[in-house]
Amino acid sequence: VSEPLAFYSCLDTTCARVAPQAVQHLVIADFVSKLGGRVSFYTTESPYSGETHEVILGKAKEKPKVAGFVFYRLAQFLSAKGPHIAALTELLAAGYSVHFAVEKVSLRAQADLDAFFPMLSAIAHTETRDAGRDYFDGLLAGL
Amino acid sequence: MDDLKTFETKGWEIFSADDMKPLDELRAAIFAHAKTLVPYKGEPPEAFFDRFHEYGLDSAELNRVRMDIVGFCNGKLRTAASIHEAFRRKIESLLGPDLVAQKGTNLVIQPPGDKDQSPTHRDAPVASHFEVVVWVPLARVYGTKSMFISDRERTSQALALIQDGQPHEAFCAHVEKQATNLDVKYGQACFFAGGIAHGCPMNAEKETRWSLNMRYKNLFSPYGTKGISDYFDVLTLSPLAKVGFGFEKQEYGGRRK
C-alpha cells in the first residue's frame, strides 16, 4: 500500500472570526482526503506577510517532501493590488501543486494558473468594486 | 415564447434550443447512465423519465440514484457547456460573451406524490440578481409535474408585503395565487432572473419530472453571497477579455505566455 500524498496546509487568519481555525482544518482535511492525501504540517502567514507570502515561500525554499500546498481559500492570494500571481508562480515553479480548499481548485502547473487567471483577476476586480457599491449608485442613476 | 422582450417584461421566458445536438447528447448520456442504476425495462428515454416512479424507489433510494447521476454529470459530462451550446444565442443575448457557469449540476427527479418539494422562493439576492437560471426538463412538463413561476410585477407585490412587515407565508400565498405552471417541451428551457419567485407544487400528475437547472452570469457582473470560484467556472471569454487578461497577468507579476 503506497503512502498517501503529503501536503502542507496554510490557514487564513484574516477570516478566523467567521471560519475558526478548527473549521478551516476540517475543510482542508476533507479536501485533501479527496486528493488522496493527508496534511503533514500546517502554518499561517503572519499579519504582516499576508501579501508577500514570506512564510509559505520560505517553506517552499526548504524543499519539503510534500506534493503541494493547500490554502483555505483563494482570498489569501487577493488584495487591493490584485491577485498575487508572482507568489503562485514561484510555488508552481518550485515543483509544488497549489490548492484552495473552499473553492476546490487545484493548480498543478503554470498552464493551470494561466487558465485560471481570468477567474482570479475577475474576483480581484469584482470583490474590490462590489465591496464599496459606489459603482452601483452610478448605474442606478442611469436607469 | 422565444421573446427577449417578454423576458424583460415578465422576468422569465421559455426559449427553444438553437441547436438540439448538444442537448440530445446530454440527455442521451444521462439516460444511458440512469438506466444502469435500476432494473431497466427497455423503455425509450421519454417514457423512462416519465414513468420512472414505476421502478418503485423509496425516497432514500431515489436520492441515492439522483446523487449518483449528479456525480456522473459533474465528473463525466460537460453539463453547463452543453446547455450553453444548445441555448447559446439566448444566453449571450442576456449576459454577453464573458460567461461563468455553475460548477455542479442540479438535477431534480420529482415523482408523483413526492412531498419533498422546493418551496416558494427567490434565488436572489442570496444569489446575484445578475445571473440567469436555465431550467431544462428532460421530458415534457406541464401542470403540477412542472414548476410554478411568478412574474416581475407579482414578485414585486409579494416582496412589498414582506417589506410592510407581513410574514413569509403572505409572500408565498401571494405568489402561489397567480403563479403559472410552466408547460415546457423537451428541447425548450425556461430562463428566469434570480429575483423572480418560483417553486414546485406537489406533483399530482401521473408522470415523474426530470429537470436540470443551471446558472449563468457575466464574469464581471455583481455576485451574490456565493463565492465566485467556489460556485462558478469560467465558460467563455470574449477576444477583448483574453487580451485584457493577458496584459493583466504580466502586470500582476506573472510570466508572459
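Quick caveat: nothing in here was measured; it's all calculated off a predicted structure.

Engineer: I tried to follow the sheet that holds strand E6 (residues 180-181) of chain B on my own but got confused; where do I start?
Structural biologist: Backbone hydrogen bonds hold the strands of a sheet together, and the pairing may be parallel or antiparallel. Residues and elements named next belong to chain B. Reading across the sheet, the 3 strands line up as E6-E5-E8 and stay open at both edges, with antiparallel pairing between neighbours. A strand with exactly one partner marks an edge of an open sheet, and here the two such strands are E6 and strand E8 (198-199). The pairing of strand E5 (residues 148-149) with E8 spans 2 bridges and is antiparallel. Residue pairing across strands places phenylalanine 148 opposite glycine 199, the latter belonging to E8.

Engineer: Is there a simple way to think about the state of the cysteines in this case?
Structural biologist: As used in these notes, a disulfide is a covalent bond between sulfur atoms, one from each of two cysteines. All names here are of chain B. Evaluated as defined, the whole model comprises 0 disulfides over all chains. Not engaged in a disulfide, the cysteine cysteine 73 finds its nearest cysteine sulfur in cysteine 200; these two sulfurs lie 18 Å apart. Owing to a relative accessible area of 2%, cysteine 73 belongs among the buried residues under this scheme. Left without a disulfide partner, cysteine 200 is nearest to the cysteine sulfur of cysteine 190, which lies 11 Å away.

Engineer: Honestly, the environment of A:Leu35 in this entry has me stumped. Any pointers?
Structural biologist: Residue and element names in this part refer to chain A. Secondary-structure assignment places leucine 35 in the loop between helix H1 (21-34) and strand E2 (37-44). Once the C-alpha coordinates of leucine 35 and proline 4 are considered, the two residues, 31 residues apart in sequence, prove to be 9.2 Å apart. Setting aside chain neighbours within four positions, we find leucine 35 in contact with Leu5, Phe7, His99, Ser106 and Arg108.

Engineer: Explanation requested: the environment of A:Ser40 in the structure shown.
Structural biologist: Residues and elements named next belong to chain A. You can see serine 40 is positioned in strand E2. Sequence separation between serine 40 and leucine 5 is 35 residues; the distance between their C-alpha atoms is 9.1 Å. Those residues in contact with serine 40 that lie beyond four places of it in its chain are Ala6, Phe7, Tyr8 and Val66.

Engineer: Please clarify how the side chain of A:Lys59 should be interpreted in this entry.
Structural biologist: Residues and elements named next belong to chain A. Along the chain, lysine 59 falls in helix H2 (residues 54-61). For lysine 59, a relative accessible area of 18% puts it in the buried group. The residues touching lysine 59, leaving out its near neighbours within four places in the chain, are Tyr8, Phe41, Pro64 and Phe69.

Engineer: Just to check I follow, could you spell out the pattern of salt bridges for this structure?
Structural biologist: Residue and element names in this part refer to chain B. The tally for this structure, following the rule as stated, stands at 18 salt bridges over all chains. In this structure, glutamate 25 and lysine 21 form a salt bridge, with 3.1 Å as the shortest nitrogen-oxygen distance. Placement of the pair is glutamate 25 and lysine 21 together in helix H2 (residues 20-34), with a separation of 4 residues, close to one helical turn. The partly exposed category is assigned to glutamate 25, whose relative accessible area is 47%. Taking the relative accessible area as the measure of exposure, lysine 21 reaches 54% and is therefore exposed. For aspartate 50, the salt bridge identified is with lysine 145, shortest N-O distance 2.7 Å. In this pair, aspartate 50 sits in helix H3 (residues 45-50) while lysine 145 sits in the loop between strand E4 (131-137) and E5, placing the two residues 95 residues apart along the sequence. Lysine 145 shares its class with aspartate 50; the two are buried. A single network of salt bridges, built from pairs that share partners, joins Asp18, Arg89 and Lys90.

Engineer: Help me understand helix H3 (residues 85-93) of chain A, please; the structure alone is not making it clear to me.
Structural biologist: Since there are 3.6 residues in each turn of an α-helix, residues three or four apart along the chain are aligned in direction. Regarding H3(A), the residues found buried are A:Ile85, A:Ala87, A:Leu88, A:Thr89, A:Leu91 and A:Leu92. Taken from the residues just after H3(A), A:Gly95 is the one with a positive phi, measuring 95°.

Engineer: How should I be thinking about the confidence of the model for chain B in this particular structure?
Structural biologist: Across chain B, the average pLDDT comes to 94, with 99% of residues at 70 or higher. At the level of chain-chain contacts, confidence expressed as ipTM amounts to 0.71, with global pTM at 0.87.

Here is what the cut-offs are and how they apply
- Residues numbered from 1 in each chain as written.
- Chains lettered and ligands numbered in written order.
- Predicted model: local features only at pLDDT ≥ 70, side-chain atom pairs only at ≥ 80, totals over all residues.
- Heavy atoms only, no water.
- Pairing = 2+ DSSP bridges.
- Helix = DSSP H or I, 4+ residues; strand = E, 2+ residues; numbered from the N terminus.
- Disulfide = S-S within 2.5 Å.
- Buried < 20%, exposed > 50% of the residue type's maximum accessible area, 1.4 Å probe, protein only.
- Contact = heavy atoms within 4.5 Å.
- Salt bridge = Lys/Arg side-chain N within 4 Å of Asp/Glu carboxyl O.
- pLDDT = per-residue confidence, 0-100.

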